[in-house]
Amino acid sequence: MAGMSDMEALRAYVTAPDTTMNRADTTVLLRITHSNLKANFVDIRFDRHMLIGQVKDKVSSHTGTPVTSMKLQLKNSPGQTIAVLEDESRKLGYYSPEDGYTIHVTDLDPFSASASGWLEDTNLVEKYTLSDEAYAQRENTFLKYKEAKLREDPTWTVKKDLALRRGETYIPPEEIPENYGEERALQFDVGNRCEVSPGARRGEVRFVGKVDGLPPGYWIGIQFDEPVGKNDGSIRGREYFSCPPSYGGFARPENVQAGDFPPVDEFDDELEEF
């Protein structure tokens, strides 16, 4: 049976900032840049005992440039070239690399797939297109599904379908009254702890009222305990409350329950046995 000190130690270990990254003493974190690519590869792990030939293999796996078509330069933090990595029999540590140094790849192949942006610019790739007529002739498409649903229910919409699947009563946007949810919404106070459905997401009430850009009626603005939200408390550029990105959300009052909902702590379970 583990005592409280054991659980606290486990909590501290799991939640502590990761500064060592489980690194060996010979590990060095290098950046990779490429003559034909805009993308940079940051904090790639290398071992100082790696032969330059092995370094080239690893760089090739990240950039796609064949070993036989690359020239490698080691640059220091200010960007000055301090060595050309040509001798494949030498170890990387011979050149005294430090964290933050850069391996710059020059692709020597004029016909390389990375030349002219072919590996990054999707506009250079020919897109598959399908005419409306050809799409209409296909079976098992969303169009066929939509047509079948509309035959069953002329008022069918995707939002209505999703609401019914969730077991909710669907109210078309044009029929939602301006005071929808007001009675229940006014039971909430900013600062209340709450739980939001679906998902039993916990957090704190940060806003109660109407929201421009959302359907009519009242909304509850929540700052979640975890990044399970959709915004930072803003809707279409207007701030209703402030919180970190992905921690904010707005829910209808009927989907929010106020009460004693403390933040979930994975380490609070009292385990009798292991």
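The rules behind these values
Residues numbered from 1 in each chain as written. Predicted model: local features only at pLDDT ≥ 70, side-chain atom pairs only at ≥ 80, totals over all residues. Heavy atoms only, no water. Helix = DSSP H or I, 4+ residues; strand = E, 2+ residues; numbered from the N terminus. Buried < 20%, exposed > 50% of the residue type's maximum accessible area, 1.4 Å probe, protein only. Contact = heavy atoms within 4.5 Å. Areas by Shrake-Rupley, 256 points an atom, 1.4 Å probe, with all protein chains shown as cover. Pairing = 2+ DSSP bridges. Axes fitted to C-alpha atoms, helices over the stretch in contact; angles between N-to-C directions. 1 Å grid on protein atoms, 1.4 Å probe; cavity = no way out; pocket = protein on both sides within 12 Å on 5 of 7 lines; lining within 4 Å. Points joined across faces, edges and corners; volume = space filled by probe spheres on them. Nonpolar A, V, L, I, M, F, W, Y, C, P; charged D, E, K, R; others polar. Core = buried A, V, L, I, M, F, W, Y, C linked by side-chain atoms within 4.5 Å. Salt bridge = Lys/Arg side-chain N within 4 Å of Asp/Glu carboxyl O. pLDDT = per-residue confidence, 0-100. Phe/Tyr/Trp six-rings, centres within 6.5 Å; stacked < 30°, edge-to-face > 60°.

Enquirer: What exactly am I supposed to notice about the overall build of the chain here?
Expert: Broken down by element type, the chain carries 6 helices and 12 strands. Across the 274 residues that make up the chain, the buried fraction comes to 30%. Sequence separation of at least 24 residues holds for 52% of the intrachain contacts in the chain that already meet a minimum separation of 6. Working note: accessible area of the chain is about 18100 Å², and carbon and sulfur atoms make up 50% of it.

Enquirer: Help me understand the sheet that holds strand β5 (residues 102–107) in this model?
Expert: Strand pairing in a sheet relies on backbone hydrogen bonds, with the paired strands running either antiparallel or parallel. Reading across the sheet, the 5 strands line up as β2-β1-β5-β3-β4 and stay open at both edges, with mixed pairing between neighbours. Two strands bound the open sheet, and with one partner strand each, they are β2 (41–47) and β4 (81–84). Taking the axes of each pair of neighbouring strands and ignoring which way they run, one obtains an average angle of 35° across the sheet. The strands touched by helix α2 (residues 52–63) within the sheet are β1 (27–34), β2, β3 (70–75) and β5, with β2 carrying the most contacts at an inclination of about 155°.

Enquirer: Explain the layout of surface pockets to me, please; I cannot follow it from the model alone.
Expert: By rolling a water-sized probe across the atoms, one finds the places where empty space is left. Empty space within the largest pocket amounts to approximately 1000 Å³. Looking at the largest pocket, it is lined by 32 residues, and the ones nearest its centre are R166, E168, W219, R252 and N255. It is strand β11 (residues 248–251) that contributes the most residues to the lining of the largest pocket, 4 residues altogether. Split by residue class, the lining of the largest pocket holds 18 nonpolar, 7 polar and 7 charged.

Enquirer: What am I meant to see in the nonpolar core here?
Expert: In a soluble, globular protein the nonpolar side chains are often hidden away together inside. Residues F46, V55, V59, L72, L85, L92 and I103 are the most contacted members of the largest nonpolar core, which totals 19 residues. Broken down by secondary-structure element, the contributors of at least two residues to this core are β1, β2, α2, β3 and β5. Look past the residues within four positions of L85 in its chain and what remains in contact with it is I52, K56, L72, L74, L92 and Y95. Core analysis: the next-biggest nonpolar cluster, separate from the first, contains 11 residues, A185, C194, V196 and I220 among them.

Enquirer: So what exactly am I meant to see when it comes to the pairing of β3 here?
Expert: Note on strand geometry: in a regular strand, side chains alternate between the two faces of the sheet. Pairing analysis gives 6 bridges linking β3 to β5, with the strands arranged antiparallel. Paired with L74 across the bridge in β5 is I103. Where β3 meets β4, 3 bridges bridge the pair, whose relative direction is antiparallel. Bridge pairing links L74 to A83 in β4. Taking the residues between adjacent antiparallel strands as the criterion, β3 and β4 are bridged by 5 residues, where G79 takes a positive phi near 95°.

Enquirer: Is there a simple way to think about the pattern of salt bridges in this case?
Expert: Opposite charge on two side chains allows them to pair when their charged atoms are near. Applying the stated criterion across every chain yields a total of 9 salt bridges. With its nearest N and O atoms 4.0 Å apart, the salt bridge here joins E98 to R48. Here the residue E98 occupies a position in the loop between β4 and β5, and R48 occupies one in the loop between β2 and α2, the gap between them amounting to 50 residues. Among the residues examined, E98 registers a relative accessible area of 42% and is labelled partly exposed.

Enquirer: Help me understand the confidence of the model for the chain, please; the structure alone is not making it clear to me.
Expert: The predicted coordinates should not be examined in detail at positions where pLDDT is low. Per-residue confidence for the chain gives a mean pLDDT of 86; residues scoring 70 or more make up 86%. Per-element confidence in the chain ranges from a low mean pLDDT of 66 for helix α1 (residues 4–15) to a high of 97 for strand β8 (residues 219–224). Throughout residues 270–274 the model reports pLDDT below 50, and contacts reaching past four residues in sequence, or to other chains, amount to 5 contacts.

Enquirer: Is there a simple way to think about the environment of K71 in this case?
Expert: By secondary structure assignment, the location of K71 is in strand β3. Residue K71 is classed as partly exposed on the basis of its relative accessible area, which comes to 36%. Separated by 15 residues in the primary sequence, K71 and K56 place their C-alpha atoms 9.1 Å from one another. Setting aside residues up to four positions removed in sequence, K71 forms contacts with V84, H104, V105, T106 and L108.

Enquirer: Which parts of the structure should I look at to understand the packing of aromatic side chains?
Expert: Given two aromatic rings, their pairing is described by the distance between the two centres and the angle made by the two planes. Scanning the entire structure with this criterion turns up 7 aromatic pairs. Centre to centre, the rings of Y94 and Y95 are 5.1 Å apart; their planes meet at 90°, and the pair counts as edge-to-face. Y95 sits in the buried class, given a relative accessible area of 15%. Measuring from centroid to centroid gives 5.9 Å for Y145 and W156, while their planes differ by 80°, and the two rings are edge-to-face. Of this pair, Y145 sits in helix α4 (residues 142–152) while W156 is found in the loop between α4 and α5 (158–165), placing the two residues 11 residues apart along the sequence.

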